[in-house]
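So you can see what is in the structure, the chains are spelled out below.
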Amino acid sequence: MAEESKVTLYGYWPSPFAKMVEIALKLKGVPYEYVEEDLTNKSQMLLSLNPVHKKVPVLVHNGKPIAESLVILEYIDETWKNGPQLLPMDPYKRAQVRFWASFVQQQLQDSMIKVAMTEGEAREKLVEEAYEKMRLLDEGLKSFFPDGNPSIDTEHLGLLDVVFVSFFGNHKVHEEVLGFKVIDPEKTPLIHCWLKALLDLPLLKETLPPHDKMVAFIKFINESALKSSTA
Amino acid sequence: MEEGVKVVGFWPSPYSQKVIWALKQKGVAYDYIEEDLSNKSQLLMKSNPVYKKIPVLLHGGKPIAESSVILEYIEETWPQNPLLPKEAYERASARFWIQFGAEKGPTFGSLFTSTAGEEQDKAAKDALEVLKILEEQGLGNNKFFGGDSINLVDLALGWLAHWFQCIEELVEIKLIEPTTLPRLHAWVENFNQVPVIHENLPDKKRLLAHMKSIREMSISAK
């Protein structure tokens, strides 16, 4: 592969933001080099590629860096035409995908983090808020799966599938560590079916971090966060 | 002939203003519906059940919420007078700065509700840092974020050219000055001279009074 067209992804294995970029590249069949960043000791390379945020993921293509996971996903979709089209053609449908992708990445993720960082009575209220947001997504999904049956194959995966599976593919990890059913088949039946269909796809299942490794990591993060907030 | 376009907005909001700017820049006719946020309409609740916020764009009766999503929809539906570059990398760059602006909202919010003292000094310092990044890495030596003419990034950051000055006046700190941020200061002047912008700004005095009361409410609620 010519040097100019080389693709490099700077990531961090537990990061859902980096994970979604990895999944997108694999779906499109784009050969790439993966560089694992140690976020406790960021490389000079990362700092020079993303001086504004100093975060992963960063995609480098044709020697030029792109940061911000959803921005990267749209770039990948516009640049490589193999594999599934991540965004639909119709502008209204594109708007719906962008709306919900942002909802998952900001609203849902934010709720999960808040639950993880809180103990006691206050936590109950936050869990209920998280469920409420999940219910909103479940309702919103009806327009994507009008017959109520999400059947998915790798050729037809879209941006929202990629974003959601990156954040919630490891939901059993969150359930184990947080002690509440993040994806409840009774509260959010459509989300439950959708995620099950996504996790049946080998490419997605294999790209997500292994369960036990993720549990150990999340436990460590939560314990450190709680320690520092009660110190 | 496009099917009915409606904008549900709120006159002091920079979020609904950027939707108006984009539509006007493209010459798209629309009906404007002023929302009373203290008494939200059925239309708003139905069109944006997730956030119950303005702005909402309705096109042929179909609602779209979230200003950044609305701007991309407008760009894709009415391609005349393009507001995003054609080339993929430049588009990614534009989207990066739109997101940066959105993420840094709370930084300016902190400044807006700060009162004199250590809290305000820190808030001013943080805001200045963001503005410096915008000037040095976002704007560079360009007249506009879009280059020679405005694009979605300028619209997304347009609040800095009119609403921010009200914040500066209320907290009595001037951050965007020709000595400290020469290029950003020039951008503010240039942006305000673009006809579509110039003709579509809320009255400064009325806006200042509105923002003053919001600020006072926020401070007393702290």
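The preceding data block contains the structure.
If you're wondering where the values come from, they're calculated on a predicted model, not measured in any experiment. (Residues numbered from 1 in each chain as written. Chains lettered and ligands numbered in written order. Predicted model: local features only at pLDDT ≥ 70, side-chain atom pairs only at ≥ 80, totals over all residues. Heavy atoms only, no water.)

> Where do I start with the overall build of chain B in this structure?
A tally of regular secondary structure across chain B gives eleven helices and four strands. Against the globule reference of 17 Å for 222 residues, chain B gives a C-alpha radius of gyration of 18 Å, in line with a compact fold. If one aligns the C-alpha atoms of chain B with their principal axes, the spans along those axes are about 55 × 45 × 30 Å. Sorting the 222 residues of chain B into buried and exposed places 51% on the buried side. Contacts spanning at least 24 positions in sequence make up 68% of the contacts within chain B whose residues lie at least 6 apart. Total accessible area on chain B is roughly 10800 Å²; 52% of this is exposed by carbon and sulfur atoms. Between the centroid of the 25 positive side chains of chain B and the centroid of its 30 negative side chains there is a distance of 3 Å. (Helix = DSSP H or I, 4+ residues; strand = E, 2+ residues; numbered from the N terminus. Rg over C-alpha atoms; globule rule 2.2 N^0.38 Å. Buried < 20%, exposed > 50% of the residue type's maximum accessible area, 1.4 Å probe, protein only. Contact = heavy atoms within 4.5 Å. Areas by Shrake-Rupley, 256 points an atom, 1.4 Å probe, with all protein chains shown as cover. Lys, Arg positive; Asp, Glu negative; His and termini not counted. Charge placed at Lys NZ, Arg CZ, Asp CG, Glu CD.)

> I'm lost on the interface of chain A and chain B in this one. Help?
One frequent convention defines the size of an interface as the accessible area lost when the parts assemble. On the side of chain B, 25 residues touch chain A, which itself brings 24 residues to the contact. The contact between chain A and chain B buries some 2400 Å² in all, and 64% of this surface belongs to carbon and sulfur atoms. Of all residues in chain A, Val52, Tyr92 and Phe99 of chain A bury the most surface against chain B, accounting for 26% of the area lost on that side. Scanning the region where chain A abuts chain B turns up six salt bridges. On the surface where chain A and chain B come into contact, there are nine residue pairs in polar contact (both at pLDDT 80 or more). (Buried area = accessible area lost by both parts, 1.4 Å probe. Salt bridge = Lys/Arg side-chain N within 4 Å of Asp/Glu carboxyl O. Polar contact = N/O pair within 3.5 Å; in protein donor to acceptor, adjacent residues only side chain to side chain.)

> Looking at this structure, I do not really get the sheet that holds strand β3 (residues 58-61) of chain A. What am I missing?
Within a sheet, neighbouring strands are paired by backbone hydrogen bonds and run either parallel or antiparallel to one another. Residues and elements named next belong to chain A. Spatially, the four strands line up as an open sheet ordered β2-β1-β3-β4, and their pairing is mixed. Unpaired on one side and paired on the other, β2 (33-36) and β4 (64-67) mark the two borders of the sheet. If you compare each strand with its neighbour and ignore which way they point, the axes differ by 20° on average. Where strand β1 (residues 7-11) and β3 come together, four bridges link them in antiparallel fashion. (Pairing = 2+ DSSP bridges. Axes fitted to C-alpha atoms, helices over the stretch in contact; angles between N-to-C directions.)

> Explain the pattern of salt bridges to me, please; I cannot follow it from the model alone.
Proximity of charged atoms lets side chains of opposite charge pair with each other. Here the structure, examined in full by the defined rule, presents 22 salt bridges over all chains. Salt-bridge contacts for arginine 98 of chain A lead to glutamate 72 of chain B; the nearest nitrogen and oxygen are separated by 3.4 Å. Of this pair, arginine 98 of chain A sits in helix α4 (residues 91-116) while glutamate 72 of chain B is found in helix α3 (residues 67-77), placing the two residues in two different chains. Pair check on accessibility: arginine 98 of chain A and glutamate 72 of chain B agree, each one buried. For the salt bridge of glutamate 119 of chain B with lysine 222 of chain B, the shortest nitrogen-to-oxygen distance reads 2.8 Å. One end of the pair, glutamate 119 of chain B, is in helix α6 (residues 118-139); the other, lysine 222 of chain B, is in the segment after α11 (204-221), and 103 residues separate them in sequence. Taking the relative accessible area as the measure of exposure, lysine 222 of chain B reaches 60% and is therefore exposed. A single network of salt bridges, built from pairs that share partners, joins Glu74, Glu78, Arg94 and Arg98 of chain A together with Glu72, Glu76, Arg91 and Arg95 of chain B.

> Help me out: how do you make sense of the sheet that holds strand β2 (residues 31-34) of chain B in this one?
Residues and elements named next belong to chain B. Here we have four strands laid out as an open sheet, ordered β2-β1-β3-β4, and mixed in their pairing. With partners counted over all chains shown, the strands left at the sheet margins are β2 and β4 (62-65), one partner each. The mean angle between the axes of side-by-side strands here comes to 20°, regardless of whether they run parallel or antiparallel. Sheet topology places strand β3 (residues 56-59) next to β4; four bridges connect them, and they run antiparallel. Counted as the bridge partner of histidine 59 is lysine 62 from β4.

> What am I meant to see in the environment of asparagine 149 of chain A here?
Mapping asparagine 149 of chain A onto the fold places it in the loop between α5 (121-141) and α6 (159-168). The exposure class assigned to asparagine 149 of chain A is partly exposed, which follows from its relative accessible area of 47%.

> Would you mind going over the packing of aromatic side chains with me for this structure?
Aromatic ring pairs are described here by two measures, namely the spacing of the ring centres and the angle between the planes. Applying the stated criterion across every chain yields a total of 22 aromatic pairs over all chains. Centre to centre, the rings of tyrosine 75 of chain A and tryptophan 80 of chain A are 6.3 Å apart; their planes meet at 85°, and the pair counts as edge-to-face. A residue is classified by how much of its surface remains accessible, and tyrosine 75 of chain A, at 4% relative accessible area, is buried. An aromatic cluster is present here, built from Trp21, Phe145, Trp163, Trp187 and Phe191 of chain B joined pairwise through their rings. If you follow lysine 187 of chain A out to its NZ or CZ, it ends over the ring of tyrosine 131 of chain A, 4.3 Å from the centre. (Phe/Tyr/Trp six-rings, centres within 6.5 Å; stacked < 30°, edge-to-face > 60°. Lys NZ or Arg CZ within 6 Å of the ring centre and 35° of its normal.)

> Before we go on, may I ask you to explain unusual backbone geometry in this structure?
Of all residues except glycine, most have a negative phi; of all peptide bonds, most are trans. Cis geometry marks the peptide bond from valine 56 of chain A to proline 57 of chain A, where omega comes out at 0°. Located in the positive-phi region is glutamate 68 of chain A, a residue other than glycine, with phi close to 85°. Looking at where glutamate 68 of chain A falls in the secondary structure, it is placed in the loop between β4 and α3 (69-79). You will see that glutamate 66 of chain B, though not glycine, has its phi angle at about 80°, which is positive. Position of glutamate 66 of chain B relative to the elements: it lies in the loop between β4 and α3. For glutamate 66 of chain B, a relative accessible area of 25% translates into the label partly exposed.

> Would you explain the pairing of β2 of chain B in this entry?
Residues and elements named next belong to chain B. Both strand β1 (residues 5-9) and β2 contribute to a ladder of four bridges, which runs parallel. What sits directly across from valine 7, in β2, is tyrosine 32. In this view, the connection linking β1 to its parallel neighbour β2 by way of helix α1 (residues 14-25) has right-handed handedness. (Right-handed = clockwise from strand over helix to strand, strands pointing away.)

> Quick question: what am I supposed to make of the pairing of β3 of chain B here?
Looking down a regular strand, the side chains alternate between one sheet face and the other. Residue and element names in this part refer to chain B. In β3, alternate side chains face the same way, and those of Val56 and Leu58 on one face and Leu57 and His59 on the other are all buried. Examined bridge by bridge, β1 and β3 share four bridges and lie antiparallel to one another. Note that in β3 the partner of lysine 6 across the bridge is leucine 58. Here β3 folds back onto β4, and the loop between the two strands holds two residues, one of which, glycine 60, carries a positive phi near 60°.

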